[in-house]
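# A closer look at the structure
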Amino acid sequence: MTDGSIKSRTGVHIEDRIIDEPSPGERARKRMFSHVGFMIGGFVLLVIIALAFLAPLISPHDPLDQQLARKLIPPIWHDHLKVTWAHPLGTDQFGRDYLSRLIHGSQISLLIGFSAMLISGVIGTALGVAAGYFGGRVDMVVNFLITTRLSMPVILVALAVVSLVGNSLTIVIWVLGLLIWDRFAVVMRSTTQQVRNLDYVVAAQAIGCSVPRIIFTEIMPNIVNNLIVVATIEMAHAIILEAALSFLGLGVQPPAPSWGLMIAEGKNHMLFDPWLIGIPGTALFILILAINLLGDGIRDVTAPENRN
Amino acid sequence: MLIYAVKRLSVAILVALTVSLLTFSMIYLSGDPAMALAGEAATQADIENIRRVYGYDQPIYVQYFDWLGNALKGNLGQSHYLNSPVSEVIFTRLPVTMILGASALSFGLLLAIPLGVLAAMRPNTLIDRFALGLAVIGQALPSFWFALIMIFFFGVALRWLPITGSDSWLNFVMPSIALGYYITPAVMRLTRAGMIEVLSSDYIRTARAKGLRPSIVLFKHALRNAIIPVVSLAAVQFGFMLGGSIVIETIFAINGLGQLAWESILRADLPMMQAIVLVLSCFYIILTLVADILNAFLDPRIRVS
């Protein structure tokens, strides 16, 4: 379009202003790059994901290596004799390098958060879309399931189940995944209800498309934005729950460097070495904040009219 | 109104029955409950004996209906560890958790509603940004960590507040904040959104045009309508808080239901665990039932749909 206009196939000049108008995608991208929360949240989350993947390469020490001779070294910003650049964030009560544990801990948080979100997302979306699309009896049953699920306290049930079944990473992921699908179901149900009566869905029904086809090619693409927003919320939720479970001693087991577990282990030394709980807690806070900012950003960018 | 109430009540009863079924099936999560109870050194005869005494040899549905029938009569079984009736122990612990929940809810609402109203009165100004920022930060703060940070500053460094126990009201200050701040973001956003919507409606314009004082328009006309959805949200959140109090009570060593739940989990005291899950779930069900009926009473549109 160097001359500012192009010739259409019939030879008629299409006016410049139609061509130069930004496409919806371009507009969304512009909103995306100018959205501070989205950019910050996305950037921080990417950094944490990169740290998790590169953990074995970049962490200065083995996160499980105990050296009692160098225990409880404070982080470098402390004015203390033992402070050393070999352990920038210090060491814990067993002499394990805190920075290495922190970096490896991001793997656990992200793995559990992502997997539990995936499981609950599949369950909740299936239930929610079915309820929204079919309505009637199906809707009643799904609503009933959601109410039942909501009436059982998540942390209590998760703790009880983990204590009875035994705790491993896989069990924690499954228990959380099977417990937190409610928001997916609620949101997907109401969005599907909004979409299902739109003209293009009715048109697809009229030309005889099969139900799976309508759901996957007509409805899903139009509710995927909301799905992503709920996914970020639930991933953050799962990460907080895992940290709480591990903090109480019924989640990820020692010596694994879960951030919740690190806070629990540091708790007894809180009086003299508060950084033992300060550092992993801050990491947890930053991770959750980044995911939430990203989620809010995606909501603002894809559906600015739904803001708050 | 009556039809709506009856419908809503029957759903609540069905939900409660489903929850009781799920809670009951918890004992089979660990495999054979008699074997778990007997311990590792038990002989086959011991296990058989326990199976007979606790009724685990009955068909499962008989066990369930026995358990349910007893639960309806207020008999939730015998604690495996404390050797006293479960319901008795729960009722001595329940008030503490209720006080904690109520004060946490009050703290959360007293922080969230004024902030939401202020933010809605001046959208996109500094106060609005501040409220939204507070909500974003609040959502990202794990409550158990926040509790520890408060303990460190107000309990250890400044020595203003007691760290553990539940003897005086001072003991409840930090736990209430740690438990209550978590509902602030959701309540604040809902209040703000409701107020913005209501403030731009016709009847508010009319009220202003009549020359009513701004404070009367704000509180008598606007807030009363904007607060309706907050009522149901508060009920739901109160239920969540009682469930979440297990973490906070453990941290602050508060002698309530949450700590009892935690102790029972550690002792593998199954009847106690089941009873606590059941009691908290039923409490939530009743809470949402009351909130829904209250809402239908306040807003006639709900009754019809």
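Keep in mind that what you see is a predicted model, and the values were worked out from it rather than measured. (Residues numbered from 1 in each chain as written. Chains lettered and ligands numbered in written order. Predicted model: local features only at pLDDT ≥ 70, side-chain atom pairs only at ≥ 80, totals over all residues. Heavy atoms only, no water.)

Bringing the overall build of chain B into the picture now. Along chain B, the regular secondary structure elements total 15 helices and zero strands. Each of the three principal axes of chain B carries a C-alpha extent, and together these read 85 × 60 × 30 Å. Classification of the 305 residues of chain B by burial places 47% in the buried group. For chain B, the accessible surface area stands at approximately 15100 Å², while carbon and sulfur atoms represent 67% of it. (Helix = DSSP H or I, 4+ residues; strand = E, 2+ residues; numbered from the N terminus. Buried < 20%, exposed > 50% of the residue type's maximum accessible area, 1.4 Å probe, protein only. Areas by Shrake-Rupley, 256 points an atom, 1.4 Å probe, with all protein chains shown as cover.)

A separate point is the overall build of chain A. Scanning chain A from terminus to terminus reveals 12 helices and two strands. Each helix and strand of chain A, ordered N terminal to C terminal, gives the series β-β-α-α-α-α-α-α-α-α-α-α-α-α. Over its C-alpha atoms chain A spans a radius of gyration of 25 Å, topping by over 25% the 19 Å that the globule rule assigns to 308 residues. Along the first, second and third principal axes, the C-alpha atoms of chain A reach 80 × 60 × 30 Å. Evaluated residue by residue, chain A yields a buried proportion of 51% over its 308 residues. Across chain A, the fraction of contacts at a sequence separation of at least 24, relative to all contacts at a separation of at least 6, is 69%. Looking at charge distribution, chain A has the averaged site of its 21 positive side-chain charges lying 4 Å from that of its 22 negative ones. (Rg over C-alpha atoms; globule rule 2.2 N^0.38 Å. Contact = heavy atoms within 4.5 Å. Lys, Arg positive; Asp, Glu negative; His and termini not counted. Charge placed at Lys NZ, Arg CZ, Asp CG, Glu CD.)

Structurally, Ser109 of chain A can be placed in helix 4 (residues 98-134). Excluding anything up to four places from it in sequence, Ser109 of chain A contacts Ile239, Glu242, Trp259, Leu284 and Leu287 of chain A.

Taken together, the contacts link 41 residues of chain A with 44 residues of chain B. Here chain A meets chain B over a buried area of about 3700 Å², counting both sides, of which 81% is carbon and sulfur. Taken together, chain A and chain B are joined by one salt bridge. Here Arg189 of chain B makes a salt bridge to Asp296 of chain A, at a shortest N to O gap of 3.9 Å. Of all the elements in the fold, those that place two or more residues in the side of chain A that touches chain B are helix 5 (136-151), helix 6 (154-165), helix 10 (211-248), helix 11 (259-267) and helix 12 (275-302) of chain A. Of all the elements, helix 12 of chain A adds the most residues to the side of chain A that touches chain B, at 12 residues. Broken down by class, the residue content of the side of chain A that touches chain B amounts to 28 nonpolar, 10 polar and three charged. (Buried area = accessible area lost by both parts, 1.4 Å probe. Salt bridge = Lys/Arg side-chain N within 4 Å of Asp/Glu carboxyl O. Nonpolar A, V, L, I, M, F, W, Y, C, P; charged D, E, K, R; others polar.)

This paragraph deals with the packing of helix 4 of chain A against helix 11 of chain A. Residues and elements named next belong to chain A. With their axes 8 Å apart at the nearest point, helix 4 and helix 11 run at an angle of 135 degrees to one another. For the element pair helix 4 / helix 11, the angle class is oblique. In this structure, helix 4 uses Tyr98, Arg101, Leu102, Gly105, Ser106 and Ser109 to contact helix 11, whose residues at the interface are Trp259, Met262 and Glu265. (Axes fitted to C-alpha atoms, helices over the stretch in contact; angles between N-to-C directions. Parallel < 35°, antiparallel > 145°, perpendicular 65-115°, else oblique.)

Now for the domain arrangement of chain B. Residue and element names in this part refer to chain B. Each assigned domain of chain B is listed here: domain 1 (2-72) and domain 2 (91-304). Here the C-alpha centre of domain 2 lies 33 Å away from the C-alpha centre of domain 1. Taken together, the contact pairs 15 residues of domain 1 with 14 residues of domain 2. Contact between domain 1 and domain 2 buries roughly 1300 Å² in total, counting both sides, with carbon and sulfur atoms accounting for 77%. When residues of domain 1 are sorted by the area they lose upon contact with domain 2, Tyr4, Arg8 and Met26 head the list and together hold 41% of the total. Among the ionic pairs, Asp292 bridges to Arg8, the shortest N-O distance being 2.6 Å. Of all elements in the fold, only helix 1 (2-25) and helix 4 (60-72) reach the threshold of two or more residues within the side of domain 1 that touches domain 2. (Domains from an automatic or database assignment.)

Here the focus is the packing of aromatic side chains. Per the stated rule, a full pass over the model turns up 13 aromatic pairs over all chains. Ring geometry for Tyr181 of chain B against Tyr182 of chain B: centres 5.9 Å apart, planes inclined by 90 degrees, an arrangement best described as edge-to-face. On the basis of relative accessibility, which here comes to 7%, the residue Tyr181 of chain B falls in the buried class. On the basis of relative accessibility, which here comes to 37%, the residue Tyr182 of chain B falls in the partly exposed class. Counting every residue linked through ring pairs, the aromatic cluster contains Phe24, Tyr64, Phe65 and Trp67 of chain B. Taking NZ or CZ as reference, Arg196 of chain A lies 5.3 Å from the ring centre of Tyr133 of chain A, over its face. (Phe/Tyr/Trp six-rings, centres within 6.5 Å; stacked < 30°, edge-to-face > 60°. Lys NZ or Arg CZ within 6 Å of the ring centre and 35° of its normal.)

Further remarks concern the pattern of salt bridges. Within this structure, the stated rule accounts for 15 salt bridges over all chains. Linking Asp300 of chain A and Arg299 of chain A is a salt bridge whose minimum nitrogen-to-oxygen distance equals 3.3 Å. Arg299 of chain A carries the same exposure label as Asp300 of chain A, and that label is buried. Close ionic contact of Glu263 of chain B with Arg93 of chain B constitutes a salt bridge, the shortest N to O distance being 3.4 Å. Note that Glu263 of chain B is positioned in helix 13 (residues 257-266) and Arg93 of chain B in helix 5 (residues 86-121), a separation of 170 residues in sequence. Here the residues in one salt-bridge network are Asp92, Arg96, Arg101 and Glu265 of chain A, joined through shared partners.

All names here are of chain A. The end-to-end C-alpha separation of helix 4 is 53 Å, in line with the 54 Å expected for 37 residues at 1.5 Å each. Judged by how many residues are buried, helix 4 sits mostly within the fold: 26 of 37 residues are covered. Gly135 lies just past helix 4 and shows a positive phi near 65 degrees. (Expected span 1.5 Å × (residues − 1).)

Looking now at unusual backbone geometry. With an omega dihedral of 5 degrees, the bond running from Pro254 of chain A to Pro255 of chain A counts as a cis peptide bond. By the element assignment, Pro255 of chain A lies in the loop between helix 10 and helix 11. One non-glycine residue with positive phi stands out, namely Ala268 of chain B, at about 55 degrees. By the element assignment, Ala268 of chain B lies in the loop between helix 13 and helix 14 (270-298).

The next thing to look at is a nonpolar patch on the surface. Nonpolar side chains collect at one region of the surface, where Phe43, Val47, Leu51, Phe53, Leu54, Leu57 and Ile58 of chain A lie side by side and expose about 730 Å² of accessible area between them. Classification of Leu51 of chain A by relative accessible area gives partly exposed; the value is 32%. (Patch = residues over 30% accessible without salt bridge, like charges linked within 9 Å, V, L, I, M, F, W, Y side chains within 5 Å.)

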